[in-house]
Amino acid sequence: MEKHRFFVGAYAAAGRPSIFRYAADLSAGTLVCETCCAQAERPCCLWPSRDGRLLYAVEELHPDGRVTVFLLSGDHILRCSSLDSGGASPCALAIDDNGRFLVAAHYTSGSLTLFALDENGLPHRQLDLCSYSGHGVHPTRQQSPHLAFAALRGQDVYAADLGLDALHCFHIDPDAQRLVPGTDLPLPPGTGPRRFCFSPFHPELIYVLGELDSCVHVLRLSSGETGPVQRISTLPQNAQDSGRASALCLSPDGRFLFAANRRLDSLTAFEILADGTLRLRHIAPCGGSGPRDILCLENCLVVANEDSANLALVPFSPDTQQFCEPCASVGITAPVCLCPEANIR
């Protein structure tokens, strides 16, 4: 069976490797590190270029974060460009399909930055910056805006604001080269939106993971019909608190949605029904503690367990719609983000 390659970002000590490329052999149930790079500080989001030539990263630094680009050359990951991200503690980035623009979301400063990419795919100029103010209901986690995630669909930009319980919406005006604000999508107070995925078969739907309420919120994006469709918990019915939901991803065939929770060190599998709503199928251990990110490779989840300092490979059966016992675990210091070698988002 073909090996699946993916990148890992980690909170490593200064001078130690913090970006890795791994190969997963799903038939053998193995994870092998193929190469690594020690030229990044706190890379908490990675994004490969479509041609596989470059790897983009945000370095989660305070007060001045960085957007950094690495050249992928054989077994080498070489730092080739870096600039100020325009805010504090950047935690997410995304690139438009045409390779003209890059957006970076900042957790601490609660801001979104738009950059222009040159003909070589390198960010060379900050074009726009959008910031927010206010607070949510949680006394410690929502004292100010916190943009936790961002993604693009076409020229539309969406950003999850954990601090203000909202999904901010923008459109990139390619001529004016700026972010044009749209209509934000509010979430219930105390949701703390952290991640989201677009529905693969229902373009009008989006799945939003609340870190603070540990629920997936299904929202409708259709013009004139925006609003909530479903709210479903990632936790068992007898859970004593709301947990700390952390990550969300789709199966490659779009049939299942997976979530991770750091309070219970658990994985949750949802079946995506014909109308795009969700049905809970299974909750299982994540193969470590502190699952920070997850990545689905065919019928296996790779889990980045930050607290237990390991990557786990957890099989999932589409037939039984159940997780199996982890089939591999490898040690790595504080892994926090995962992305496929080829950008399939």
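Here is a short report on the structure shown in this document. (Residues numbered from 1 in each chain as written. Predicted model: local features only at pLDDT ≥ 70, side-chain atom pairs only at ≥ 80, totals over all residues. Heavy atoms only, no water.)

1. Notes on empty space enclosed by the protein
All chains considered together, the criterion is met by one cavity of 30 Å³ or more. Considering only enclosed or pocket space, the largest cavity measures out at about 30 Å³ in volume. Considering the residues around the largest cavity, the lining is formed by Ser-251, Asp-253, Phe-256, Phe-258, Cys-296, Glu-298, Asn-299 and Phe-316. The residue inventory of the lining of the largest cavity, partitioned by class, reads four nonpolar, two polar and two charged. (1 Å grid on protein atoms, 1.4 Å probe; cavity = no way out; pocket = protein on both sides within 12 Å on 5 of 7 lines; lining within 4 Å. Points joined across faces, edges and corners; volume = space filled by probe spheres on them. Nonpolar A, V, L, I, M, F, W, Y, C, P; charged D, E, K, R; others polar.)

2. Quick notes on the packing of aromatic side chains
All told, the structure shown has ten aromatic pairs when counted by the stated rule. Look at Phe-6 and Tyr-22: their rings are 6.0 Å apart centre to centre, the planes differ by 15°, and that puts the pair in the stacked class. Placement of Phe-6 in strand S1 (residues 4–10) and of Tyr-22 in strand S2 (residues 19–25) is noted, with a sequence separation of 16 residues between them. Here the aromatic rings of Phe-20 and Tyr-22 are separated by 6.4 Å at their centres, their planes lie at 50°, and the arrangement is tilted. For the pair Phe-20 and Tyr-22, one class covers both residues: buried. In textbook terms, an aromatic cluster arises when at least three aromatic residues are bridged by ring pairs, as seen for Phe-149, Tyr-158, Phe-196 and Phe-198. The ring of Tyr-11 has Arg-42 lying over it, and the distance from NZ or CZ to the ring centre is 3.8 Å. (Phe/Tyr/Trp six-rings, centres within 6.5 Å; stacked < 30°, edge-to-face > 60°. Helix = DSSP H or I, 4+ residues; strand = E, 2+ residues; numbered from the N terminus. Buried < 20%, exposed > 50% of the residue type's maximum accessible area, 1.4 Å probe, protein only. Lys NZ or Arg CZ within 6 Å of the ring centre and 35° of its normal.)

3. Comments concerning the pairing of strand S12 (residues 147–153)
Counting buried positions along S12 yields six of seven residues, so the element is predominantly enclosed. Note that S12 and strand S13 (residues 156–161) share six bridges and pair antiparallel. Paired with Phe-149 across the two strands is Ala-160, which belongs to S13. (Pairing = 2+ DSSP bridges.)

4. Some thoughts on the sheet that holds strand S23 (residues 266–272)
Judged by pairing direction, the sheet is antiparallel, and its four strands sit side by side in the order S21-S22-S23-S24 without closing on themselves. Looking at strand neighbours, the two that pair on one side only are strand S21 (245–250) and strand S24 (278–285), the edges of this open sheet. Mean inter-strand twist for the sheet, computed between neighbouring axes without regard to direction, equals 20°. In this structure, S21 lies alongside strand S22 (residues 256–261), joined through five bridges in antiparallel fashion. Looking at the pairing, Leu-250 lines up with Leu-257 of S22. (Axes fitted to C-alpha atoms, helices over the stretch in contact; angles between N-to-C directions.)

5. Description of the nonpolar core
Core analysis: the largest hydrophobic core is formed by 51 residues, its most contacted members being Tyr-56, Leu-112 and Phe-196. Setting aside anything within four residues of it in sequence, one finds Tyr-56 in contact with Cys-45, Leu-46, Trp-47, Ser-49, Thr-68, Val-69, Leu-93, Ile-95, Leu-102, Leu-117, Gly-121 and Pro-123. Ranked by size, the runner-up nonpolar core spans 19 residues in total, among them Phe-6, Val-8, Cys-300 and Leu-313. (Core = buried A, V, L, I, M, F, W, Y, C linked by side-chain atoms within 4.5 Å. Contact = heavy atoms within 4.5 Å.)

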